[in-house]
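Single-letter residue listing:
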Amino acid sequence: DVKVTQSSRYLVKRTGEKVFLECVQDMDHENMFWYRQDPGLGLRLIYFSYDVKMKEKGDIPEGYSVSREKKERFSLILESASTNQTSMYLCASIPLLGYGYTFGSGTRLTVV
Amino acid sequence: SQKIEQNSEALNIQEGKTATLTCNYTNYSPAYLQWYRQDPGRGPVFLLLIRENEKEKRKERLKVTFDTTLKQSLFHITASQPADSATYLCALEWTGGGNKLTFGTGTQLKVEL
C-alpha cells in the first residue's frame, strides 16, 4: 500500500515563526498536494505539485510556500505563522490524475 | 462559482439498515467524483471513484450513483455496521478546473446498535 507520511502529528508554534511541514510518499507518485481542513469549511487546497521543482497555487496559497526538491518529498512552509493558520494540514499524493488520493494522517498545527 | 453541498446534519441509522448520503453540486462539468471516509483526527481514506460517463459503481457493501443531469451523487452503505460510523466526504474534479480535487464539507454517519 502507498504510504504518505507527515512528519508531525501535533505542532505548537509561536506567531511569526517560520514553520516547515514535511510530507513523504513511498510509491513514486508524480502528484502531491497540501490541504488544510477547518470545521465547517472542509478541505481547501493550498498548493500542489505535478513534478519535481514544479508547483501550482491552489485556492488559498496566501501566507504559504512549498518546496519539492525530490519526487518523494513535498514541504509546506509557513513563512511567518499567524493564529489564523491554526488548522489541520493534510498532505496527499496520486500517481496520475483520475486516481483516488492517498492522504497522510495529518498535522494539527496550533499557532499561539 | 462552483459549489459542493453535503448535508451538514449527522445521519443516524440503525445497524443493518442502508445508509444513503447525498452530494449535490452546482456549476460544475465534472470529470469524475470521489467519495472518502474520514475518522476523527485522521486523514481521509479513498473509497470509490465514478466517472462522468458512469451511472453507478459498486464495491462490496458500497454503491455510488452519479446523475449529471440532477448534478447529484448518492452514496449507499448496505447492511451498515457501527464500524461504518465516520464522516463521509464527496469530492469533484471538474473539466477545466486545473486538475484539482474540490471537497464538500462531509456528512457524519452514526450507526447505532
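No experiment lies behind these values; they were computed from the predicted model shown. (Residues numbered from 1 in each chain as written. Chains lettered and ligands numbered in written order. Predicted model: local features only at pLDDT ≥ 70, side-chain atom pairs only at ≥ 80, totals over all residues. Heavy atoms only, no water.)

## Some words on the overall build of chain B
Logical step 1: Within chain B, the regular secondary structure consists of zero helices and 11 strands.
Logical step 2: Going residue by residue from the N terminus, the α and β elements of chain B occur as β-β-β-β-β-β-β-β-β-β-β.
Logical step 3: Computed over its C-alpha atoms, the radius of gyration of chain B comes to 14 Å, within 12% of the 13 Å expected for a compact globule of 113 residues.
Logical step 4: In terms of overall dimensions, chain B has C-alpha extents of about 45 × 30 × 20 Å along its principal axes.
Logical step 5: The buried share of chain B, taken over its 113 residues, is 44%.
Logical step 6: Sequence separation of at least 24 residues holds for 55% of the intrachain contacts in chain B that already meet a minimum separation of 6.
Logical step 7: Carbon together with sulfur atoms contributes 45% to the accessible area of chain B, which is approximately 5,700 Å² in total.
Logical step 8: Charge centroids of chain B, computed over 14 positive and 12 negative side chains, lie 2 Å from each other. (Helix = DSSP H or I, 4+ residues; strand = E, 2+ residues; numbered from the N terminus. Rg over C-alpha atoms; globule rule 2.2 N^0.38 Å. Buried < 20%, exposed > 50% of the residue type's maximum accessible area, 1.4 Å probe, protein only. Contact = heavy atoms within 4.5 Å. Areas by Shrake-Rupley, 256 points an atom, 1.4 Å probe, with all protein chains shown as cover. Lys, Arg positive; Asp, Glu negative; His and termini not counted. Charge placed at Lys NZ, Arg CZ, Asp CG, Glu CD.)

## Looking at the packing of aromatic side chains
Logical step 1: Inspection of the entire model under this criterion finds 14 aromatic pairs over all chains.
Logical step 2: Ring centres of tyrosine 35 of chain A and phenylalanine 103 of chain A lie 6.0 Å apart, and the angle between their planes is 50 degrees; on these two criteria the pair is classed as tilted. Of the two residues, tyrosine 35 of chain A is situated in strand β5 (residues 31-38) and phenylalanine 103 of chain A in strand β11 (residues 102-103); the sequence distance between them amounts to 68 residues.
Logical step 3: The buried category is assigned to phenylalanine 103 of chain A, whose relative accessible area is 9%.
Logical step 4: Here the aromatic cluster, defined as three or more aromatic residues joined through ring pairs, consists of Phe33, Tyr35, Phe48, Tyr50, Tyr101 and Phe103 of chain A together with Tyr36, Phe46 and Phe103 of chain B.
Logical step 5: A cation sits over an aromatic face here: arginine 51 of chain B above tyrosine 32 of chain B, 5.9 Å from the ring centre. (Phe/Tyr/Trp six-rings, centres within 6.5 Å; stacked < 30°, edge-to-face > 60°. Lys NZ or Arg CZ within 6 Å of the ring centre and 35° of its normal.)

## Focus: the interface of chain B and chain A
Logical step 1: Taken together, the contact between chain B and chain A spans 19 residues of the former and 22 residues of the latter.
Logical step 2: Summed over both sides, the interface between chain B and chain A buries roughly 1,600 Å², with carbon and sulfur atoms accounting for 51% of that surface.
Logical step 3: Taken together, chain B and chain A are joined by zero salt bridges.
Logical step 4: Connecting chain B to chain A are eight residue pairs in polar contact (both at pLDDT 80 or more).
Logical step 5: Top element by residues in the side of chain B that touches chain A is strand β4 (residues 30-38) of chain B. It accounts for four residues.
Logical step 6: Its residues placed into classes, the side of chain B that touches chain A shows eight nonpolar, eight polar and three charged. (Buried area = accessible area lost by both parts, 1.4 Å probe. Salt bridge = Lys/Arg side-chain N within 4 Å of Asp/Glu carboxyl O. Polar contact = N/O pair within 3.5 Å; in protein donor to acceptor, adjacent residues only side chain to side chain. Nonpolar A, V, L, I, M, F, W, Y, C, P; charged D, E, K, R; others polar.)

## Brief notes about the sheet that holds strand β3 (residues 19-26) of chain B
All names here are of chain B.
Logical step 1: With respect to topology, five strands assemble into an open sheet ordered β1-β3-β8-β7-β6, the strand pairing being antiparallel. Of all strands in the sheet, those with a lone pairing partner are β1 (3-6) and β6 (56-59), marking the two edges. For this sheet, the mean inter-axis angle between neighbouring strands, taken without regard to orientation, is 15 degrees.
Logical step 2: Note that strand β7 (residues 62-67) and strand β8 (residues 72-77) share six bridges and pair antiparallel. Bridge assignment links threonine 65 to a residue of β8, and that residue is leucine 74. (Pairing = 2+ DSSP bridges. Axes fitted to C-alpha atoms, helices over the stretch in contact; angles between N-to-C directions.)

## Brief notes about the side chain of serine 65 of chain A
All names here are of chain A.
Logical step 1: Relative to the helices and strands, serine 65 is located in strand β8 (residues 64-70).
Logical step 2: On the basis of relative accessibility, which here comes to 16%, the residue serine 65 falls in the buried class.
Logical step 3: Looking at serine 65, its side chain comes within polar contact range of the side chain of glutamate 79, at 2.6 Å.
Logical step 4: Those residues in contact with serine 65 that lie beyond four places of it in its chain are Tyr47, Ser75, Leu76, Ile77 and Glu79.

## Points about unusual backbone geometry
In most cases, non-glycine residues show a negative phi, while peptide bonds are predominantly trans.
Residue and element names in this part refer to chain B.
Logical step 1: Within the chain, glutamate 60 stands out as a residue other than glycine whose phi angle is a positive 55 degrees.
Logical step 2: Structurally, the position occupied by glutamate 60 is in the loop between β6 and β7.
Logical step 3: Using a relative accessible area of 81% as the deciding quantity, one classes glutamate 60 as exposed.

## A few points about the pairing of β1 of chain B
Residue and element names in this part refer to chain B.
Logical step 1: Side chains Ile4 and Gln6 of β1 all project onto a buried face; the interleaved residues Lys3 and Glu5 project onto a face where none is buried.
Logical step 2: Note that β1 and β3 share four bridges and pair antiparallel. Note that in β3 the partner of isoleucine 4 across the bridge is tyrosine 25.

## Let's talk about the state of the cysteines
Logical step 1: Here the structure, examined in full by the defined rule, presents two disulfides over all chains.
Logical step 2: Between the sulfur atoms of cysteine 23 of chain A and its disulfide mate cysteine 91 of chain A the distance is 1.9 Å. The sign of the S-S torsion, about -75 degrees, decides the handedness of the disulfide formed by cysteine 23 of chain A and cysteine 91 of chain A: left-handed. Here cysteine 23 of chain A is found in strand β4 (residues 23-25), whereas its partner cysteine 91 of chain A is found in strand β10 (residues 87-94), with 68 residues between them in sequence.
Logical step 3: A relative accessible area of 0% means that cysteine 23 of chain A is categorised as buried.
Logical step 4: The disulfide partner of cysteine 23 of chain B is cysteine 90 of chain B, and the S-S distance across this bridge is 1.9 Å. Across the S-S bond of cysteine 23 of chain B and cysteine 90 of chain B the torsion is about -55 degrees, and the bridge reads as left-handed. (Disulfide = S-S within 2.5 Å.)

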